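What follows is the residue order along each chain.
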Amino acid sequence: QVQLVESGGGLVQAGGSLRLSCTASGSIFTFNAMGWYRQAPGQQRELVAYITSGGSTNYADSVRGRFTISRDNAENKVDLQMNSLKPEDTAIYYCTGGEYGGSYYPGAGYWGQGTQVTVSS
C-alpha cells in the first residue's frame, strides 16, 4: 500500500509563505487525484485543494488565489504552495490520495500523518 508523508510545516508570520510537500512511497498514479485537507482545533476537517492525474485543480474559496497545488509525477510528490498566509490558516494539514468523480473522494487508507502549520498575527 502506498504511504504518504508530509513535510514543510512550521511557524510563519501573517503574510508569509510556506510550501508543503507530500511524498508517496510508490507511484502517485495509484490515485487518479490527490488532495490536501486541513483541520483546525475544534473545527471539522476541510478540503483545501485537489489535483487530478490530468493536472486539473480545485480550491476551497478560503484559499483560492493564495494557495497553489502541483504535482511532480517523476518524484511522486504533490506540493501545496501557500502564500499570503493568515492566522485562520493555522491547522494540521493532511495529504491524501483518492478519486475524482465530479468531486474529490479521499481513500480511507491513504492519509498522511499530518504537518502543523501555525500562522502568527
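Being a predicted model, the structure only gives us computed values, none of them experimental. (Residues numbered from 1 in each chain as written. Predicted model: local features only at pLDDT ≥ 70, side-chain atom pairs only at ≥ 80, totals over all residues. Heavy atoms only, no water.)

**Quick look at the state of the cysteines**
Enumeration according to the criterion identifies 1 disulfide in this entry. In this model C22 forms its disulfide with C95; the gap between the sulfur atoms is 2.0 Å. The sign of the -75° torsion about the S-S bond sets the C22-C95 disulfide as left-handed. Placement of the pair is C22 in strand 3 (residues 18–24) and C95 in strand 9 (residues 91–100), with a sequence separation of 73 residues. Note on accessibility: C22 and C95 belong to one class, buried. (Disulfide = S-S within 2.5 Å. Helix = DSSP H or I, 4+ residues; strand = E, 2+ residues; numbered from the N terminus. Buried < 20%, exposed > 50% of the residue type's maximum accessible area, 1.4 Å probe, protein only.)

**Overview of the pairing of strand 7 (residues 67–72)**
Burial of strand 7 is one-sided: the residues F67, I69 and R71 facing one way are buried, the residues T68, S70 and D72 facing the other way are not. Strand direction decides the pairing type here: strand 7 and strand 8 (residues 77–82), joined by 6 bridges, are antiparallel. Note that in strand 8 the partner of R71 across the bridge is V78. (Pairing = 2+ DSSP bridges.)

**Section: the sheet that holds strand 3**
Spatial ordering of the open sheet is given by 1-3-8-7, a layout of 4 strands whose pairing is antiparallel. Lying at the two open borders of the sheet, with one neighbouring strand each, are strand 1 (4–7) and strand 7. Taken pair by pair, the neighbouring strands of this sheet meet at an average axis angle of 15°, ignoring direction. (Axes fitted to C-alpha atoms, helices over the stretch in contact; angles between N-to-C directions.)

**Regarding the pattern of salt bridges**
Here the structure, examined in full by the defined rule, presents 6 salt bridges. Between E46 and R38 there is a salt bridge, with its nearest N and O atoms 2.8 Å apart. Linking K77 and D79 is a salt bridge whose minimum nitrogen-to-oxygen distance equals 3.9 Å. Taking the relative accessible area as the measure of exposure, K77 reaches 25% and is therefore partly exposed. Through salt bridges with shared partners, a single ionic network connects R38, E46, R66 and D89. (Salt bridge = Lys/Arg side-chain N within 4 Å of Asp/Glu carboxyl O.)

**Observations regarding the side chain of R66**
Here R66 shows up in the loop between strand 6 (57–59) and strand 7. Excluding residues that lie within four positions of it along the chain, R66 makes contacts with Q81, M82, N83, S84, L85, K86 and D89. (Contact = heavy atoms within 4.5 Å.)

**Points about the packing of aromatic side chains**
What the rule picks out here adds up to 6 aromatic pairs. Measuring from ring centre to ring centre gives 4.9 Å for F31 and Y110, while their planes differ by 75°; the resulting arrangement is edge-to-face. Of this pair, F31 sits in the loop between strand 3 and strand 4 (33–39) while Y110 sits in strand 10 (residues 104–111), and the two are 79 residues apart along the sequence. Classification of F31 as buried rests on a relative accessible area of 4%. Look at Y110 and you get partly exposed, because its relative accessible area is 24%. A ring pair is formed by Y50 and Y104, whose centres lie 5.5 Å apart and whose planes are at 10°; its orientation type is stacked. (Phe/Tyr/Trp six-rings, centres within 6.5 Å; stacked < 30°, edge-to-face > 60°.)

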